[in-house]
Amino acid sequence: MTDSAQPGTATRGQDGRIRVAVLFGGRSSEHAVSCVTAAGVLRAIDRDRYDVVPIGISRSGQWVQMDDARVQAFSLDGGALPAIEDAHATVVTAPGAGSHELLVTAPGEPPRSLGAVDVVFPLLHGPFGEDGTIQGMLELLGVPYVGAGVLASAVGMDKDFMKVVFEHAGLPVGPYESITARQWTADRAACLDRVGRLGLPVFVKPARAGSSMGITRVTDPAALEAAIETAREHDPKVVVEAGIVGREIECAVLDRPSPERPMASLPGEIVVADGQHTFYDFEAKYVDVAAAALSCPADLPAEATARIRQLAVETFEAVAGEGLSRVDFFYTPEGDLIINEINTMPGFTPISMYPQMWAATGIDYPELIDRLLELALSRSTGLR
Ligand SMILES: Nc1ncnc2c1ncn2[C@@H]1O[C@H](COP(=O)(O)OP(=O)(O)O)[C@@H](O)[C@H]1O
Ligand SMILES: [Mg+2]
């Protein structure tokens, strides 16, 4: 093996099946959701084609070999949230070895080989999963992996740079200001002055978070500073956006082998019930499940649907996306579309928006998994 895997050279396992390391859990706040995603993927993946090696990542970052049946039983219903515990033995990789071999090491014991894997499926969200860091590690190993590469992952994680890229590509984004740690420390009044020009309400967000963590909708100028401090607890860089009035529409993008362009699904809509939640906040996403309904396909004029699908593909291409992404929009009463964000590793449980939108478009969950793995196997690591 060279240090960069060539497309189509997957070393099929001894029984002819493709060996897939599925990575889940992880160090972000979406640890439990990622575990449930792994359950969904392990239940649906075609075992005649794929030999699965489940690897959980604990909250502290330890890689742990997991029992397949135990992972398949993970769910968010009742009882404790699923979590990967630290363990005695750690799964490790050997950068530069070129063999894609996984080893299990434990103090005082000789390393035990888990064999080589052909491809990695990172089912991770947020920092250390969706932000380019794990992708960088897999690049160093030279092992193909599902989804966006280092740059697209990093850009998709950063709501400030994401907008810079979108604007450069001529894609519609709303008015915003970003506040770096240095700017906030050096001249808080100047920052507040800039933000003040956005009017009210504004949404104050950590630049690199997810699951609506640390986001505040601000309607009173007196509450702005506290909201910025709240966002700064998650990320020293903060993005403040003008509040957009509009329906929340999402669209799933699935890559195709070059030179074909990626495909966009039928759009879906997030309908947040009036009352407790003034926006699609953390509670509405994960806790108060009755608070938000996913409706797919979204009830939209045909022309809007077509424009959303086209913009979703252009957004994916603007960040050099690969594999999959979900692009989220606001659809205003005037009929304008504004891009809120791209998620390079969107929610991927069987009932999440991304798989639901593809199901409505004619690609079911097992086929989605199969296509994503095929895409990963058909591309090289390294420059491409
Ligand atoms: N500029 C905005 N105008 C109106 N609502 C917003 C705006 N930004 C965020 N929201 C609301 O907050 C939610 C979470 O914001 P988002 O930027 O998508 O963060 P996350 O990456 O955590 O999903 C959105 O789904 C939407 O309900
Ligand atoms: Mg979002």
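Everything here concerns the structure above.
Here the residue numbers are simple positions, counted from 1 along each chain's written sequence. Following the order in which they are written, the chains are lettered starting with A and the ligands numbered starting with 1. Totals for whole chains, interfaces and linings use all residues, but because this is a predicted model, local features are given only for residues with pLDDT of at least 70 and pairs of side-chain atoms are given and counted only at 80 or more. Only hydrogens and water are removed before side-chain values are computed, so all heavy atoms of the structure are retained for them.

**Digging into the overall build of the chain**
Looking only at helices and strands, the chain has 12 helices and 17 strands in total. Just to be clear, the radius of gyration here is over C-alpha atoms, and the globule rule we use is 2.2 Å times residues to the power 0.38. The C-alpha atoms of the chain give a radius of gyration of 21 Å, which matches the 21 Å a tight globule of 384 residues would have. The dimensions of the chain, computed from C-alpha atoms along their principal axes, are 60 × 50 × 45 Å. In the chain, buried positions account for 52% of the 384 residues. Two residues form a contact once any of their heavy atoms are found within 4.5 Å. Residue pairs in contact within the chain that sit at least 24 positions apart in sequence constitute 67% of those at least 6 positions apart. Accessible area for the chain stands at about 16,700 Å²; split by element, carbon and sulfur atoms hold 53% of it. With 31 positive and 51 negative side-chain charges, the chain shows a spacing of 2 Å between the two charge centroids. Secondary structure elements are taken from DSSP: a helix is a run of H or I of four residues or more, a strand is a run of E of two residues or more, and numbering for both begins at the N terminus. Buried residues are those whose accessible area, probed at 1.4 Å on protein chains only, stays under 20% of the maximum for their type, while exposed residues exceed 50% and partly exposed ones sit between those limits. Only the protein chains shown count as covering a residue, and every accessible area follows the Shrake-Rupley method with a 1.4 Å probe. Charge convention: Lys and Arg are scored as positive, Asp and Glu as negative, and His as well as the terminal groups of each chain are ignored. Taken as the charge centre is NZ of Lys, CZ of Arg, CG of Asp or CD of Glu, depending on the residue.

**Topic: the layout of surface pockets**
Both site types are read off a 1 Å grid over the protein atoms alone. A 1.4 Å probe that fits but cannot get out defines a cavity, while an open set with protein on both sides within 12 Å along at least five of seven lines defines a pocket; lining residues have an atom within 4 Å of a point. Grid points are joined across faces, edges and corners, and a volume is the space filled by probe spheres set on the points. Put simply, the second largest pocket is a space of about 320 Å³. What lines the second largest pocket is a set of 17 residues, and nearest its centre among them are Asp 255, Arg 256, Pro 257, Ser 258 and Glu 322. Contributing elements (two or more residues each) for the lining of the second largest pocket: helix H10 (302–318) and helix H12 (365–377). Taken together, the residues of the lining of the second largest pocket break down into 6 nonpolar, 4 polar and 7 charged. Residue polarity is assigned by list, with Asp, Glu, Lys and Arg as charged and Ala, Val, Leu, Ile, Met, Phe, Trp, Tyr, Cys and Pro as nonpolar; anything else, Gly included, falls into the polar class.

**Some remarks on the pattern of salt bridges**
Opposite charge on two side chains permits pairing when their charged atoms draw close. Salt bridges are defined as contacts in which a side-chain nitrogen from Lys or Arg sits within 4 Å of a carboxyl oxygen from Asp or Glu. Counted by the stated rule, this structure contains 26 salt bridges. With its nearest N and O atoms 2.6 Å apart, the salt bridge here joins Arg 49 to Glu 374. With Arg 49 in the loop between helix H1 (31–44) and strand E2 (50–57) and Glu 374 in helix H12, this pair connects stretches of sequence that are 325 residues apart. Arg 188 serves as the salt-bridge partner of Glu 229, at 3.1 Å between the closest nitrogen and oxygen. Remark: Arg 188 occurs in helix H7 (residues 188–196) and Glu 229 occurs in helix H8 (residues 224–232); sequence separation between them is 41 residues. The exposure class of Arg 188 is partly exposed, given its relative accessible area of 34%. One salt-bridge network, held together by shared partners, links Asp 15, Arg 17, Arg 19 and Asp 51.

**Some words on the nonpolar core**
Here the nonpolar core consists of buried residues drawn from Ala, Val, Leu, Ile, Met, Phe, Trp, Tyr and Cys, with membership extended through side-chain atoms lying within 4.5 Å. Judged by nonpolar contacts, the single largest core of 45 residues is most densely connected at Phe 24, Phe 121, Leu 123, Leu 254, Phe 348 and Leu 373. Counting only elements with at least two residues in this core, the list comes to strand E1 (18–25), H1, E2, strand E7 (119–122), strand E12 (247–254), helix H11 (353–361) and H12. If one sorts the elements of this core by residue count, H12 sits on top with 8 residues.

**Concerning empty space enclosed by the protein**
All told, the structure shown has 3 cavities of 30 Å³ or more when counted by the stated rule. What the largest cavity holds in volume is close to 130 Å³. The residue makeup of the lining of the largest cavity, split by class, is 11 nonpolar, 4 polar and 1 charged. Quantified by volume, the second largest cavity comes out at close to 80 Å³.

**Let's talk about the site of ligand 1**
If a single non-hydrogen atom of a residue is within 4 Å of a molecule or strand, that residue counts as near it. Not every one of the 18 residues close to ligand 1 is listed here, only the nearest: Lys 159, Lys 205, Ser 212, Ile 244 and Glu 248. In the environment of ligand 1, a nitrogen atom lies 2.9 Å from a nitrogen or oxygen atom belonging to the side chain of Glu 241. Mapped by element, the contributors of at least two residues to the shell around ligand 1 are strand E9 (202–206), strand E11 (238–242) and strand E17 (337–343). The class makeup of the residues in the shell around ligand 1 is 7 nonpolar, 5 polar and 6 charged. Whenever two N or O atoms come within 3.5 Å, that pair is a polar contact, provided that in protein one can donate a hydrogen and the other can accept it, and provided that, for residues adjacent in sequence, both atoms are side-chain atoms.

**Considering the packing of aromatic side chains**
The criterion for an aromatic pair is that two Phe, Tyr or Trp rings (for Trp, the six-membered ring) have centres within 6.5 Å, with stacked assigned to planes under 30 degrees apart, edge-to-face to planes over 60 apart and tilted to the rest. The final tally for this structure, using the stated rule, is 4 aromatic pairs. A centroid spacing of 6.1 Å and a plane angle of 55° characterise the contact between Phe 121 and Phe 348, whose relative ring orientation is tilted. Of this pair, Phe 121 sits in strand E7 while Phe 348 sits in the loop between E17 and H11; the two residues are 227 residues apart in sequence, bridging distant segments of the chain. The exposure class assigned to Phe 121 is buried, which follows from its relative accessible area of 1%. For Phe 348, a relative accessible area of 0% translates into the label buried. Ring geometry for Phe 203 against Phe 279: centres 5.2 Å apart, planes inclined by 90°, an arrangement best described as edge-to-face. Pair noted here: Phe 203 is in strand E9 and Phe 279 is in the loop between strand E14 (268–272) and helix H9 (282–287), with a separation of 76 residues, a long-range link. For the pair shown, Phe 203 and Phe 279 are each scored as buried. Each residue in the set Phe 121, Phe 348, Tyr 354 and Tyr 365 is aromatic and connected to the rest through ring pairs, giving one cluster. To sit over a ring, a charge needs its Lys NZ or Arg CZ within 6 Å of the ring centre and within 35 degrees of the ring normal. Cation over ring: Arg 27 sits above Phe 128, and NZ or CZ is 3.9 Å from the ring centre. Positioned above the aromatic ring of Tyr 176, the side-chain terminus of Lys 163 is 5.5 Å from the ring centre.

**Quick notes on the environment of Asp 235**
Within the element layout of this structure, Asp 235 appears in the loop between H8 and E11. Of the residues examined, Asp 235 reaches a relative accessible area of 3% and is grouped as buried. When neighbours within four sequence positions are excluded, Asp 235 is seen to be in contact with Pro 206, Ala 207 and Arg 208. Only 2.7 Å separates the side chain of Asp 235 from the side chain of Arg 208, close enough to count as a polar contact.

**Notes on the pairing of E2**
Counting buried positions along E2 yields 8 of 8 residues, so the element is predominantly enclosed. As paired strands, E1 and E2 are joined by 8 bridges and run parallel to one another. The partner of Phe 24 across the bridge, within E2, is Gly 56. When the strands point away from the viewer and the connection leading from the first strand across the helix to the second strand turns clockwise, the crossover is called right-handed. Regarding topology, H1 serves as the crossover connection from E1 to the parallel E2, and that connection is right-handed. The pairing criterion is simple: DSSP has to find at least two bridges between the two strands. Two successive antiparallel strands, E2 and strand E3 (residues 63–65), enclose a turn made up of 5 residues, where Gly 61 displays a positive phi of approximately 105°.

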